[in-house]
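As a plain string of letters, each chain reads:
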Amino acid sequence: KRVVAFISGGGSNMVSLADACASEDFPAEIVAVISDKPDAGGLAKAAARGIMTRVFERRAYGSKIEHELAILDALEVIKPDIICLAGYMRLISGDFISRYEGRIINIHPSLLPLFAGLHTHQRAIDAGMKIAGCSVHFVTEGMDEGPIVAQAAVPVLADDTSDTLAARVLTVEHKLYPLALKALAEGKVRMEGGKAISAPGT
Ligand code: GRF
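From a predicted model like this one, the values you see are computed outputs, not experimental measurements.

Cut-offs and rules
- Residues numbered from 1 in each chain as written.
- Predicted model: local features only at pLDDT ≥ 70, side-chain atom pairs only at ≥ 80, totals over all residues.
- Heavy atoms only, no water.
- Helix = DSSP H or I, 4+ residues; strand = E, 2+ residues; numbered from the N terminus.
- Contact = heavy atoms within 4.5 Å.
- 1 Å grid on protein atoms, 1.4 Å probe; cavity = no way out; pocket = protein on both sides within 12 Å on 5 of 7 lines; lining within 4 Å.
- Points joined across faces, edges and corners; volume = space filled by probe spheres on them.
- Nonpolar A, V, L, I, M, F, W, Y, C, P; charged D, E, K, R; others polar.
- Core = buried A, V, L, I, M, F, W, Y, C linked by side-chain atoms within 4.5 Å.
- Buried < 20%, exposed > 50% of the residue type's maximum accessible area, 1.4 Å probe, protein only.
- UniProt positions renumbered as here; feature names shortened; annotations may be inferred.
- Near = heavy atom within 4 Å.
- Polar contact = N/O pair within 3.5 Å; in protein donor to acceptor, adjacent residues only side chain to side chain.
- Areas by Shrake-Rupley, 256 points an atom, 1.4 Å probe, with all protein chains shown as cover.
- Sits in = over half its atoms within 2 Å of the grid points.
- Axes fitted to C-alpha atoms, helices over the stretch in contact; angles between N-to-C directions.
- Parallel < 35°, antiparallel > 145°, perpendicular 65-115°, else oblique.
- Left-handed = near helix turned anticlockwise from the far one by under 90°.

A.B. asks: Summarise the environment of Leu17; cite the residues concerned and give the values.
C.D. replies: Of note, Leu17 is situated in helix 1 (residues 12-21). Taking the C-alpha atoms as reference points, Leu17 and Ala5, 12 residues apart in sequence, are found 8.7 Å from one another. With residues near it in sequence (within four places) discarded, Leu17 still touches Ile30, Cys84, Tyr177, Pro178 and Leu181.

And the structure:
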């Protein structure tokens, strides 16, 4: 399967996906990395792996729609089967999503449906959670609310700060996302009727 990863920052999740895709029996390859930030650190990491990179800076376009249309035009040429949002800090419109229904996934650093949105680690600590974690979900129009594909949990320690918890969660994100992508690429999970349907036993 052809995968395009969308990043806005360091791209550590994109790197973990790229590294997983590099093993020859992995059922997907990252054919391009798209960013809305020209200074995204992940761009250099993608280029170093020989992955095509494209930047679509929001301010270069008159509107959100024009920004998305430019990206969609590029995707018409690249022809991805799957889009992986990986630290992409921009909401995608319903029109865009409908073009790739059930083929866009995202990784979010909380155990959804808890703590959708930003500052998830501090919110988990403030709420006195004893576990935290990350979720891979299908992207739908609402923010961080699509059907969940996979999750992983980590302990919240008494002396955790948002930084120490974020680091613990990020390590697990890097393991979870490739597994979720593999399942989607192999058809072991799909979106149907607004739900994530998994193959028996998975
Ligand atoms: C990660 O915590 C991810 O869950 C969130 O953005 C953070 C940075 O990701 N979406 P990356 O290092 O840019 O992949």
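From this point, things continue past the structure.
A.B. asks: Residues and numbers for the layout of surface pockets, please.
C.D. replies: By volume, the largest pocket amounts to about 680 Å³. Contributing to the lining of the largest pocket are 34 residues, with Gly87, Tyr88, Met89, Asn106 and Ile107 lying nearest its centre. Its residues assigned to classes, the lining of the largest pocket comprises 14 nonpolar, 16 polar and 4 charged.

A.B. asks: Explain the nonpolar core to me, using residue names and the numbers behind them.
C.D. replies: Among the nonpolar cores identified, the biggest contains 45 residues, and Ile30, Val33 and Leu181 are the most heavily contacted of them. Considering every element that reaches this core, the biggest residue donor is helix 6 (residues 162-185), with 10 residues. Leave out the neighbours within four places in its chain, and Val33 touches Ala5, Ile7, Met14, Leu43, Ala46, Ile51, Met52, Thr53 and Arg54. Within the second largest apolar cluster, 21 residues are counted, among which are Val4, Phe6, Ile71 and Ala74.

A.B. asks: With reference to specific residues and values, describe the UniProt feature "binding site: (6R)-10-formyltetrahydrofolate" (unreviewed entry) in the chain.
C.D. replies: Mapped onto the present numbering, the UniProt feature "binding site: (6R)-10-formyltetrahydrofolate" (unreviewed entry) falls at Arg58, Met89, Arg90, Leu91, Ile92 and Asn106. Of the annotated positions named here, the largest pocket is lined by Met89, Arg90, Leu91, Ile92 and Asn106. Positionally, Ile92 belongs in the loop between strand 4 (82-85) and helix 4 (94-99). You can call Ile92 buried: its relative accessible area is 10%. When residues no more than four places from it in sequence are discounted, the contact partners of Ile92 are Lys64, Glu68, Leu85 and Ile97. With respect to the helices, strands and loops of the structure, Asn106 is situated in strand 5 (residues 104-108). Given a relative accessible area of 8%, Asn106 falls into the buried group.

A.B. asks: Tell me about the site of the ligand, residues and numbers included.
C.D. replies: Near the ligand the following residues occur: Gly10, Gly11, Ser12, Asn13, Gly87, Ile107, Pro109, Leu170 and Glu173. With respect to the ligand, the side chain of Ser12 contributes an N or O atom lying 2.6 Å from an oxygen atom. Coverage of the ligand by the protein amounts to 78% of the 360 Å² it exposes when considered alone. Mapping the ligand onto the cavity grids shows that it belongs to the largest pocket. When its residues are assigned to classes, the shell around the ligand shows 3 nonpolar, 5 polar and 1 charged.

A.B. asks: Now, about the UniProt feature "site: Raises pKa of active site His" (unreviewed entry) in the chain: what can you tell me, with residues and values included?
C.D. replies: Under the feature "site: Raises pKa of active site His" (unreviewed entry), the UniProt entry names Asp144. Along the chain, Asp144 falls in the loop between strand 6 (131-138) and strand 7 (148-155). Beyond its immediate chain neighbours, meaning those up to four positions away, Asp144 contacts Asn106, His108, Leu112, Ala116, Gly117 and His137. Side-chain polar atoms of Asp144 contact the side chain of His108, separated by 3.4 Å.

A.B. asks: Could you give me a rundown of the packing of helix 1 against helix 6, with the residues and numbers involved?
C.D. replies: The N-to-C vectors of helix 1 and helix 6 enclose an angle of 45°; their axes lie 9 Å apart at closest approach. Of the possible angle classes, the one that applies to helix 1 and helix 6 is oblique. In terms of crossing hand, the pair formed by helix 1 and helix 6 is right-handed. Packed against helix 1, whose contacting residues are Ser12, Asn13, Ser16, Leu17, Ala20 and Cys21, the element helix 6 presents Leu170, Glu173, His174, Tyr177, Pro178 and Leu181 at the interface. A breakdown of the residues in the contact of helix 1 with helix 6 according to their chemical character gives 7 nonpolar, 4 polar and 1 charged.

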